[in-house]
Amino acid sequence: QVQLVESGGGLVQPGGSLRLSCAASASGTISSINTMGWYRQTPGKQRELVAGISSGGSTNYADSVKGRFTISRDNAKNTVYLQMNSLKPEDTAVYYCNAKISINWRQPRDYWGQGTQVTVSS
């Protein structure tokens, strides 16, 4: 059993900042975590990639967040972060953590967090 537990969402004014965290845990041994990422979804729209980071630290971002959001990870803590600055109302969404994880040296699988609401409003 794998869990991705997210935290850090909330209500913030336009121009403000939030930091999301997502920690992975498992009942078995987490033998490796490959890519980790953050996605977001608004009602009636498909879930979209916001930012991703490889096990080696290479990152990629959606064009809409480049220069404002920063993804990072702490491999010792099995945790990925998303620092969001200069937030805009259009960033309002439910943000989901995703990770490709190998348990007990088995084939890696995709796992998702439960989602955390980010609302940008004055």
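A few points on the structure. Note that this is a predicted model, so its numbers are computed, not measured.

Reading guide: rules and limits
Residues numbered from 1 in each chain as written. Predicted model: local features only at pLDDT ≥ 70, side-chain atom pairs only at ≥ 80, totals over all residues. Heavy atoms only, no water. Helix = DSSP H or I, 4+ residues; strand = E, 2+ residues; numbered from the N terminus. Rg over C-alpha atoms; globule rule 2.2 N^0.38 Å. Buried < 20%, exposed > 50% of the residue type's maximum accessible area, 1.4 Å probe, protein only. Contact = heavy atoms within 4.5 Å. Areas by Shrake-Rupley, 256 points an atom, 1.4 Å probe, with all protein chains shown as cover. Lys, Arg positive; Asp, Glu negative; His and termini not counted. Charge placed at Lys NZ, Arg CZ, Asp CG, Glu CD. Polar contact = N/O pair within 3.5 Å; in protein donor to acceptor, adjacent residues only side chain to side chain.

The secondary structure content of the chain amounts to 0 helices and 11 strands. Along its sequence from the N terminus, the chain presents helices and strands in the succession β-β-β-β-β-β-β-β-β-β-β. Taking 2.2 N^0.38 as the reference for a compact globule, 122 residues should give roughly 14 Å; the C-alpha atoms of the chain span a radius of gyration of 14 Å, in line with that estimate. Dimensions of the chain along its principal axes, counting C-alpha atoms only, are 45 × 25 × 25 Å. Within the chain, the fraction of its 122 residues that count as buried is 39%. Considering only intrachain contacts with a sequence separation of at least 6, the fraction spanning at least 24 residues in the chain is 55%. For the chain, the accessible area works out to roughly 6,500 Å², and carbon and sulfur atoms hold 45% of it. Once the 12 positive and 7 negative side-chain charges of the chain are each reduced to a mean point, those two points are 5 Å apart.

On to unusual backbone geometry. Of note, the phi angle at Ser86 is positive, near 50°, even though the residue is not glycine. In this structure, Ser86 sits in the loop between strand 8 (79-84) and strand 9 (93-103). On the basis of relative accessible area, Ser86 is assigned to the partly exposed category, the value being 41%.

Turning to its location among the elements, Thr79 is positioned in strand 8. A polar atom in the side chain of Thr79 sits 2.8 Å from the backbone oxygen of Lys77. Once residues lying within four places of it in the same chain are set aside, the contact partners of Thr79 are Cys22, Ala23, Met36, Ser72, Arg73 and Asp74.

By themselves, these observations are geometric and do not establish any function.
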